[in-house]
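Chain by chain, the residues run as shown.
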Amino acid sequence: AGIRAGRWRPRPESGDDPSRARSEDDGGRRAAAQFLVCWVAVYFVAFSLVRTKLPNYILPLYPAAALLLAWFLDRWRHGAVRVSVWVVQAGMACVALMGVGVALGLLVAGGAVDVYSLPGRRLPGLENWAWLGGILVLGAGAGACCAWRGQRPAVVNAMTVSALLFTGALAACAGAAVDAYKAPRALVRALPADQARRDVRVAAYEYFQPSLVFYCQREVFRLDDERQALEFLAEPLPSYLFVPARQWARLKKKAHAPHRVLARHYDLYDGCDVVVVTNR
């Protein structure tokens, strides 16, 4: 009865209140961010405390870290988060230094740059991939120019493109160049093709990689001393022994049983040549 024409407006429901909707949305984002931070922290702290560490142990935290980074960059490019220009420039400088480090590391690993403190650690061919570091340097340069001009979306685009090109080329091509210097698969190929179905023995002395078991498809015994290695080769059954070449040079002088070197290959992890020896 007291409503004047043209002035009455329906009272907004609680679900239609824009401020309340924004508040709930921000609360949900904060909760999601807290969950992701906990995800990263649990894996990082737990595997930092354990005594045995391998790089792949913390792989499960990378999805959460990627989502956090994407969330931050999205807020930054839309102006919801303010970061000083010098911080952005410092980040671009770090990316450029990473590119220089990658290029220099590949040149050193390939032998193009000689470092006397790394004897016997040359992997010829890796120097051909030094250009991968240039992708990060160029991406950092483009990002720094865009940041100086205040073009935030362009900064994110430049870094995204450079990261995709770098990781894609690294995974597709450079990995195969490094894989050629892993000994287990190449050495196992020298064994008879049917060794997994025959009554033979396979062992390793002064050398062992878990992938040996995978490629041999059978148990690989780990021998503890020279006596066990010599007795292994003296077995009547066909026997195959994986041993570093320098150790075999000493062992073969003491071996009375017939023996023959089937294959020799450089091993990336131990930094030495490994041979597979048989009593057949």
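Each chain carries its own residue numbering, running from 1 in the direction its sequence is written. Since the coordinates come from a predicted model, pLDDT governs what is reported: local features require at least 70, and pairs of side-chain atoms require 80 or more to be given and counted, while whole-chain, interface and lining totals use all residues. Excluded from the side-chain calculations are hydrogens and water; all other atoms, namely the structure's heavy atoms, are used.

For this analysis, a salt bridge means a side-chain nitrogen from Lys or Arg found within 4 Å of a carboxyl oxygen belonging to Asp or Glu. Evaluation of the coordinates by the stated rule reveals 6 salt bridges. The partner of Asp194 in a salt bridge is Arg198, with the nearest N and O atoms 3.6 Å apart. Relative accessibility under 20% of the residue-type maximum defines a buried residue, over 50% an exposed one, and the middle range a partly exposed one, all with a 1.4 Å probe and only protein chains included. On the accessibility criterion, Arg198 (32% relative accessible area) is partly exposed. With a shortest N-O distance of 2.8 Å, Lys254 and Glu226 are connected by a salt bridge. Here the residue Lys254 occupies a position in the loop between helix 9 (245–251) and strand 4 (260–267), and Glu226 occupies one in helix 8 (residues 226–233), the gap between them amounting to 28 residues. Given a relative accessible area of 19%, Glu226 falls into the buried group. What you see here is one network of salt bridges that share partners, running through Glu226, Arg250 and Lys254. Only runs of H or I of at least four residues qualify as helices and only runs of E of at least two qualify as strands under DSSP, and these elements are numbered from the N terminus.

Below, the discussion takes up the pairing of strand 3 (residues 239–244). Here strand 3 lies mainly inside the structure; 6 of its 6 residues are buried. Across the two faces of strand 3 the burial is the same, with Ser239, Leu241 and Val243 and Tyr240, Phe242 and Pro244 all buried. DSSP-based pairing: two strands are paired if at least 2 bridges between them are found. Note: strand 1 (residues 201–205) against strand 3, 4 bridges, orientation parallel. Looking at the pairing, Val202 lines up with Tyr240 of strand 3. The pairing of strand 3 with strand 5 (residues 272–278) spans 5 bridges and is classified as antiparallel. The partner of Phe242 across the bridge, within strand 5, is Val276.

Right, let's talk about the environment of Ala229 for a bit. Considering the arrangement of structural elements, one finds Ala229 in helix 8. For Ala229, a relative accessible area of 0% corresponds to the buried category. In sequence terms Ala229 and Ala204 are 25 residues apart; their C-alpha atoms lie 8.3 Å from each other. Not counting the four nearest positions on each side in its chain, Ala229 is found in contact with Tyr205, Leu223, Leu241 and Leu251. When checking whether two residues touch, look at their non-hydrogen atoms; a contact exists if any pair is within 4.5 Å.

Strand order in the open sheet formed by 5 strands is 2-1-3-5-4, and the pairing between neighbours is mixed. Here the strands that pair on one side only, and so sit at the sheet edges, are strand 2 (221–223) and strand 4. Geometrically, the sheet is characterised by an average inter-axis angle of 25 degrees between neighbouring strands, direction not taken into account. The convention used is that axes are lines fitted to C-alpha atoms, helices contributing only their stretch in contact, and that angles between N-to-C directions extend from 0 to 180 degrees.

It is worth spelling out helix 3 (residues 85–110) at this point. With 26 residues, helix 3 should cover 38 Å at 1.5 Å per step; its first-to-last C-alpha distance of 38 Å lies within 8% of that length. Residues of helix 3 that are buried: Val88, Met92, Val95, Gly99, Ala103, Leu106, Val108, Ala109 and Gly110. Of the surrounding elements, those touching the buried residues of helix 3 are helix 2 (62–77), helix 4 (132–148) and helix 5 (152–179). Just downstream of helix 3, Gly111 is the residue with a positive phi angle, here 95 degrees. Helix span, as expected, comes to 1.5 Å for every residue beyond the first.

Within the element layout of this structure, Val178 appears in helix 5. Along the backbone, Val178 and Leu126 are 52 residues apart, and their C-alpha atoms lie at a distance of 7.5 Å.

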